[in-house]
Amino acid sequence: MSEGQSRRETVAVRAAAAGAAVAADSFRTDLEIESKDRETDVVTQVDRDAQERVIETIRESFPDDPVVGEEEDALKRVPESGPAWIVDPIDGTNNYVAESRAFGTAVAAVIDGEPVAAAFDCPALGDVYRVGPSGAYRNDNPLSVSDCSDPAAATVCPTFWWGRDRRDEYAAATRAIVRRFDDMRRYGCAQLELAMVASGALEGTLTNVRANPWDTVAGVGMVREAGGVVTDLAGDRWRHDSEGLIASNGEIHDAVLAAAREIGD
């Protein structure tokens, strides 16, 4: 299995780099921006072009594997069995169109729904995160979660987006965080937020909503491989179709989980 995982890790890194290069070429240029379901959910032609390039790169090595992705041509559900790939061509598109550097291309390889290899390439930040059978890395340096065990010294991030009809939950999430922890961050790029938990830059990130697999699976694999914990709202092991996502360094997981549960109250 590890040899196959190593090959998938290599392809994930290569595919993420290919998509990130497409995004980088058009970063901070004039973009045609379209709205999806709501005004703040935007897409550009660059998203589509980057996803096409990512899928082309995957197909060179794994032509028969299904691909799940955010944009039009890909599947929207992760197969329960067998191999598959999960792609987000530009995670943090709102940041991208606002000319903020907090975006990247995420590619994850899964088997039976579980991540076995992944990469997240952030071209404007100069950071490449990857995870495979040998561990989790940023720019070839091993990742390890923070060893902070005191919630009062921890920094936690509310992740994903509560729509206009769920702003009370957004407010509840921020209130639950600032009451329990030392500080709060929000970056608007879920894969980056998960990668930051894996690197120790954040102690935790949380949401009570069901997140899309292309926004999460790569980063979840990194957090776990770096020594962290990722659960759903019930406190069970998180998977791609779970309700809520709570990721932490493990040391303060109970406090992060309690904050997430407070959102619905």
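Residues numbered from 1 in each chain as written. Predicted model: local features only at pLDDT ≥ 70, side-chain atom pairs only at ≥ 80, totals over all residues. Heavy atoms only, no water.

1. A few points about the environment of Gln45
Applied cut-off: In this description a helix means any DSSP run of H or I spanning at least four residues, a strand means any run of E spanning at least two, and both kinds are numbered starting from the N terminus.
Inspection of the secondary structure assignment puts Gln45 in helix α2 (residues 45-61). With 12 residues separating them along the chain, Gln45 and Ile33 place their C-alpha atoms 7.8 Å apart.

2. Brief notes about the UniProt feature "binding site: Mg(2+) 1" (unreviewed entry) in the protein chain
Convention followed: UniProt positions are given in the numbering used here, feature names are shortened, and annotations may be inferred rather than shown by experiment. In this analysis, two residues are considered to be in contact whenever any of their non-hydrogen atoms come within 4.5 Å of each other.
According to UniProt, the "binding site: Mg(2+) 1" (unreviewed entry) feature falls on Glu70, Asp88, Asp91 and Asp215. For this annotated set, covering 146 residues, all C-alpha atoms fall within 9.4 Å of each other, a compact arrangement in space. When you line up the elements, Asp91 lands in strand β4 (residues 83-91). In this view, Asp91 contacts Ala102, Phe103, Gly104, Phe120, Cys189, Ala190, Gln191, Leu192 and Asp215; residues no more than four positions away in its chain are not counted. When you line up the elements, Asp215 lands in the loop between β12 (204-207) and α6 (217-225). Apart from residues lying up to four places away in sequence, Asp215 is in contact with Asp88, Asp91, Phe160, Ala190, Gln191 and Leu194.

3. As for the UniProt feature "binding site: Mg(2+) 2" (unreviewed entry) in the protein chain
Put simply, the rule is: For every residue, the accessible area (1.4 Å probe, protein chains only) is compared with the maximum for its type, and the residue is labelled buried under 20%, exposed over 50%, or partly exposed between those bounds.
Per the UniProt annotation, the sites labelled "binding site: Mg(2+) 2" (unreviewed entry) are Ile90. If you trace the backbone, Ile90 turns up in strand β4. With relative accessibility at 1%, the residue Ile90 sits in the buried group. Sequence-distant contacts of Ile90, that is, excluding residues within four places in its chain, are made with Ala23, Val46, Asp47, Glu70, Tyr96, Phe103 and Gly104.

4. Concerning the sheet that holds strand β14 (residues 245-248)
Strand pairing in a sheet relies on backbone hydrogen bonds. The paired strands run either parallel or antiparallel. Worth spelling out the cut-off: Here the rule is simple: two strands pair whenever DSSP picks up at least two bridges between them. Only the contacting stretch of a helix is used when fitting its axis, a line to C-alpha atoms as for every element, and angles between N-to-C directions run 0 to 180 degrees.
In space, the five strands of this open sheet follow the order β11-β10-β12-β14-β13, with mixed pairing throughout. The strands lining the two open edges of the sheet, one partner per strand, are β11 (183-184) and β13 (229-231). Each of β13 and β14 is contacted by α6, which is oriented at about 135° to β13, the strand it contacts most.

5. Some thoughts on the environment of Pro79
Note on placement: Pro79 falls in the loop between β3 (67-69) and β4. With a relative accessible area of 21%, Pro79 lands in the partly exposed category. Measuring from C-alpha to C-alpha, the distance between Pro79 and Pro66 comes to 8.2 Å, with 13 residues separating the pair along the chain. Excluding anything up to four places from it in sequence, Pro79 contacts Pro66, Val68, Ala84 and Gly113.

6. Considerations on the domain arrangement of the protein chain
Where we set the bar: Boundaries of every domain are those given by an automatic assignment or by a domain database. We define buried area as the total accessible area lost by two parts upon association, computed with a 1.4 Å probe and summed across both. Put simply, a salt bridge is a Lys or Arg side-chain nitrogen that is within 4 Å of an Asp or Glu carboxyl oxygen. Polar contact is the term for a pair of N or O atoms within 3.5 Å; when the atoms are in protein, one must be able to donate a hydrogen and the other to accept it, and sequence-neighboring residues count only if both atoms are side-chain atoms.
Domain parsing of the protein chain yields domain 1 (3-142) and domain 2 (151-262). The C-alpha centroid of domain 2 is placed 20 Å from the C-alpha centroid of domain 1. Where domain 1 abuts domain 2, roughly 2,100 Å² becomes buried across the two surfaces, and 67% of that area is made up of carbon and sulfur atoms. Considering only the surface of domain 1 that becomes buried against domain 2, Asp91, Phe120 and Tyr129 emerge as the three largest contributors, covering 20% of it. A salt bridge links Glu114 to Arg237, with the nearest nitrogen and oxygen atoms 3.0 Å apart. Where domain 1 meets domain 2, there are six residue pairs in polar contact (both at pLDDT 80 or more). When residues of the side of domain 1 that touches domain 2 are traced back to their parent elements, those giving at least two are β3, β4, β5 (104-111), β6 (114-122), β7 (127-132) and β8 (135-138). In terms of residues, the side of domain 1 that touches domain 2 owes the most to one element, β6, which gives six residues.

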